[in-house]
Amino acid sequence: MKTDFTINVKQVRKDSDLRKEEYLDAVRNYFRPLLNSDGSWNIELTSESGRLDLQLACAFYRGDQEDVRLANLLTRRAPVSVHNGHRFDIFQSSIACHHLVVFGELMEPETVEWCKQGIVEGCINCPGMVAPDLQFQGYNDNMPAMATKTLILGGELLNRPDLFEIGLWKLRRFAEQLTRSGVIGEYNSPNYTPDTVHNLTTLAKYTKSAECRELAEKIVKRVWLDLATHWHPAGKCAAGPFSRAYNPGFNNYISMINCVVALIFGDTASNISVFEAISPREGIELMHSNDPMEHACRVAWYAVLDDSLLDDATAALFLKKSYPYQLIASAEQGDTGEAPLKKSMVTTYMTEDYSLGSASFAFHGGQQTASLYATGTSVDGNISPVAALRYLANDIK
């Protein structure tokens, strides 16, 4: 049954594409003066990351003819790590695959060949997409999602059924995991869970396989539900617990999930603006070692995220919940040295004034986990405060 609130969700989301294009336009304006006509940088970089170049290309592929020319140059000159004589980087190789299927019609022949060759080298090598550790086993699910997408789409594009079958095997294992658990192993990560959504959405949209499409769509919808149920609308921020994050996730400022929510829903659901990725608030840390350039490019990558698999009923949970609100889910997590495999119970409780999340086990080694995480509700429209990160257990901090 449709409610007034469901209709409101559609109203809020209708400007999502406009918000994304405004951000991409700002990124182009910010970076154009920093690029030479051949796509190289005219400033000295501490270190050039191919991931930066490829994510930045997202903004330029969506621009005018000259921008598209620069996007092609950025794509095929992006430096990629070499292992055993083959180019491979899990991020760069998978983004090249994304660009080929999403922006292929805008690519020059040399760019198409660069991407195809990068897929071949990234899939056949070890380390590479076929590696046993790049499967869904309760660790960093975003990387197996990149590998699965690249193997399946790359296998279809290059007529390599061997690559396709390995990717399908990985995808089936992920789907099976979600018959045993409510959320994925790398659940509610402010930094990485949106990457899992992004990559598997691309797979669902562009695969020729009906089975791959069905499985990917079901997984993406479940992961969107994970993110939506863990969002605290009253605080306009992510609630805990979460599997892993970096400082911008812990400080609840401009993590990737905050940026994604801001792009889709605007200030109706978020206390931050994605333009802060380009011009951040003073004294608050950004991603990528507090580097605005890398952070701005990372958000450009999310500005081309297709959110069509986020249905309105799930989207509504980002905007409104009936309080008190409680979520209990299980997550499978792999070997940490303490146990070969364990199931963690993930619990979140929200009121109008605060959220409190806890997990029965830390993710992996615990260094990046918020097993206990509480936030308050902002009283001035600013960043919602993080109320608690540390706790005592049997008098041990």
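This report concerns the structure included in the present document. (Residues numbered from 1 in each chain as written. Predicted model: local features only at pLDDT ≥ 70, side-chain atom pairs only at ≥ 80, totals over all residues. Heavy atoms only, no water.)

### Quick notes on the overall build of the protein chain
Scanning the protein chain from terminus to terminus reveals 15 helices and 9 strands. Out of the 397 residues belonging to the protein chain, those deemed buried represent 58%. Of the roughly 16,400 Å² of accessible surface on the protein chain, a fraction of 51% belongs to carbon and sulfur atoms. (Helix = DSSP H or I, 4+ residues; strand = E, 2+ residues; numbered from the N terminus. Buried < 20%, exposed > 50% of the residue type's maximum accessible area, 1.4 Å probe, protein only. Areas by Shrake-Rupley, 256 points an atom, 1.4 Å probe, with all protein chains shown as cover.)

### So, the environment of Asn 142
Locating Asn 142 in the fold gives a position in helix 7 (residues 142-157). For the pair formed by Asn 142 and Asn 191, sequence separation is 49 residues and the distance between their alpha carbons is 9.8 Å. Discounting residues that sit within four places of it in the chain, Asn 142 has contacts with Phe 91, Glu 186, Tyr 192, Asp 195, Thr 196 and Arg 244. (Contact = heavy atoms within 4.5 Å.)

### Topic: the packing of aromatic side chains
The full count for this structure, using the stated rule, is 10 aromatic pairs. Arranged with centres 4.6 Å apart and planes meeting at 15°, the rings of Tyr 61 and Phe 103 form a pair that is stacked. With Tyr 61 in helix 3 (residues 50-61) and Phe 103 in helix 5 (residues 90-103), the pair connects residues that are 42 residues apart, well separated along the chain. One exposure class covers both Tyr 61 and Phe 103, and it is buried. Both rings, one in Phe 136 and one in Phe 174, keep their centres 3.7 Å apart while their planes meet at 0°; by these two values the pair is stacked. Taken together, the residues span a long stretch of sequence, with Phe 136 in the loop between helix 6 (109-124) and helix 7 and Phe 174 in helix 8 (residues 161-180) at a distance of 38 residues. (Phe/Tyr/Trp six-rings, centres within 6.5 Å; stacked < 30°, edge-to-face > 60°.)

### Concerning the packing of helix 12 (residues 256-265) against helix 14 (residues 292-302)
Orientation of helix 12 relative to helix 14, taken along the N-to-C sense of each, is 50°, at an axis distance of 10 Å. When the axes of helix 12 and helix 14 are compared, the pair comes out oblique. Two packed elements cross with a definite hand, and for helix 12 against helix 14 that hand is right-handed. The segment helix 12 lies against helix 14, with Met 256, Cys 259, Val 260 and Leu 263 engaging His 295, Arg 298, Val 299 and Tyr 302. Tallied by class, residues from the contact of helix 12 with helix 14 come to 6 nonpolar, 1 polar and 1 charged. (Axes fitted to C-alpha atoms, helices over the stretch in contact; angles between N-to-C directions. Parallel < 35°, antiparallel > 145°, perpendicular 65-115°, else oblique. Left-handed = near helix turned anticlockwise from the far one by under 90°. Nonpolar A, V, L, I, M, F, W, Y, C, P; charged D, E, K, R; others polar.)

### Here we look at the side chain of Lys 321
Turning to its location among the elements, Lys 321 is positioned in the loop between helix 15 (312-319) and strand 5 (325-334). Within the buried set, Lys 321 has no salt-bridge partner at all; the shortest N-O distance to an opposite charge, 10 Å, is to Asp 226. A distance of 2.5 Å separates the side chain of Lys 321 from the backbone oxygen of Trp 231, its partner in a polar contact. A polar contact is formed between the side chain of Lys 321 and the backbone oxygen of Leu 317, at a distance of 2.7 Å. (Lys, Arg positive; Asp, Glu negative; His and termini not counted. Salt bridge = Lys/Arg side-chain N within 4 Å of Asp/Glu carboxyl O. Polar contact = N/O pair within 3.5 Å; in protein donor to acceptor, adjacent residues only side chain to side chain.)

### Structural notes on the environment of Glu 44
With respect to the helices and strands, the residue Glu 44 is situated in the loop between helix 2 (16-31) and helix 3. Taking C-alpha positions, Glu 44 is 9.8 Å from Leu 34, a pair spaced 10 residues apart along the chain.

### Considerations on the pattern of salt bridges
Tallied over the entire structure, the rule returns 21 salt bridges. Notably, a salt bridge pairs Asp 67 with Arg 32, separated by 2.9 Å at the nearest N-O pair. Taken together, the residues span a long stretch of sequence, with Asp 67 in helix 4 (residues 65-76) and Arg 32 in the loop between helix 2 and helix 3 at a distance of 35 residues. On the basis of relative accessible area, Asp 67 is assigned to the buried category, the value being 2%. Judged by relative accessible area, Arg 32 falls into the partly exposed class, the value being 30%. Notably, a salt bridge pairs Arg 160 with Asp 162, separated by 2.8 Å at the nearest N-O pair. The network of salt bridges with shared partners includes Lys 10, Arg 13, Lys 20, Asp 307 and Asp 312.

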